[in-house]
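Summary of structural features
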Amino acid sequence: ADDTELNTTIDAYLNGIHYAGSPTTAAQWRLDNYALLRRWAYPDFREYLDSQVKINSGIQATQDEGATQLSNYFTECLAVKTRFPKE
């Protein structure tokens, strides 16, 4: 994927002390570690739980806030799946 900022960071890591001289590219590292990248990128699951509490509060304004929060949570999760697809 075209993720210049992330690829630059990975390249710097791979060319640093840890992997000096490693033939691994940023693209290959991303493929090998997509699960780790996803774990770092996903929104905090507590946002989902908080949205559910708000939705079930019985208070209309709080329910609306919870629905928006839940929608945003799903959007962020789908963005992670797009950014770091499974092989």
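Scroll up for the structure.
Everything numeric in this text was worked out from a predicted model, so none of it was measured.

The rules behind each value
- Residues numbered from 1 in each chain as written.
- Predicted model: local features only at pLDDT ≥ 70, side-chain atom pairs only at ≥ 80, totals over all residues.
- Heavy atoms only, no water.
- Core = buried A, V, L, I, M, F, W, Y, C linked by side-chain atoms within 4.5 Å.
- Buried < 20%, exposed > 50% of the residue type's maximum accessible area, 1.4 Å probe, protein only.
- Helix = DSSP H or I, 4+ residues; strand = E, 2+ residues; numbered from the N terminus.
- Contact = heavy atoms within 4.5 Å.
- Salt bridge = Lys/Arg side-chain N within 4 Å of Asp/Glu carboxyl O.
- Axes fitted to C-alpha atoms, helices over the stretch in contact; angles between N-to-C directions.
- Parallel < 35°, antiparallel > 145°, perpendicular 65-115°, else oblique.
- Left-handed = near helix turned anticlockwise from the far one by under 90°.
- Nonpolar A, V, L, I, M, F, W, Y, C, P; charged D, E, K, R; others polar.
- Phe/Tyr/Trp six-rings, centres within 6.5 Å; stacked < 30°, edge-to-face > 60°.
- Lys NZ or Arg CZ within 6 Å of the ring centre and 35° of its normal.

**Considerations on the nonpolar core**
- Ranked by size, the top nonpolar core spans eight residues in total: Leu6, Ile10, Leu14, Ala26, Trp29, Leu37, Val80 and Phe84.
- Those elements giving two or more residues to this core turn out to be helix 1 (4–14) and helix 2 (26–32).
- Here this core gets three residues from one element, more than from any other, and that element is helix 1.
- Ignoring anything within four residues of it in the chain, the contact list for Ala26 reads Asn7, Ile10, Asp11 and Leu14.

**A short note on the pattern of salt bridges**
- Counted under the stated rule, the structure contains four salt bridges.
- As a salt-bridge pair, Asp3 and Arg83 come within 2.4 Å of each other at their nearest N and O atoms. With Asp3 in the segment before helix 1 and Arg83 in helix 5 (residues 60–83), this pair connects stretches of sequence that are 80 residues apart.
- Taking relative accessible area as the criterion, Arg83 reaches 39% and is therefore assigned partly exposed.
- For Asp50, the salt bridge goes to Lys54, with nearest N and O atoms at 3.1 Å. With a gap of four residues between them, Asp50 and Lys54 both fall in helix 4 (residues 45–55), about one helical turn apart.
- The class for Lys54 is buried, based on a relative accessible area of 15%.

**Quick look at the packing of helix 4 against helix 5**
- Running from amino to carboxyl end, helix 4 crosses helix 5 at an angle of 150°, the nearest separation of the two axes being 7 Å. As the angle between them shows, helix 4 and helix 5 are arranged roughly antiparallel. At the point where helix 4 passes helix 5, the crossing takes the left-handed sense. For the pair helix 4 and helix 5, contact is made by Phe45, Glu47, Tyr48, Asp50, Ser51, Gln52, Lys54 and Ile55 and by Thr62, Gln63, Glu65, Gly66, Ala67, Gln69, Leu70, Tyr73 and Phe74, respectively.
- When the residues that make up the contact of helix 4 with helix 5 are grouped by side-chain class, the tally is seven nonpolar, six polar and four charged.

**Some thoughts on the packing of aromatic side chains**
- Per the stated rule, a full pass over the model turns up three aromatic pairs.
- Taken together, the aromatic side chains of Tyr48, Tyr73 and Phe74 make up a single cluster linked through ring pairs.
- Stacked on the ring of Phe45, the Lys or Arg Arg46 has its end atom at 5.7 Å from the ring centre.

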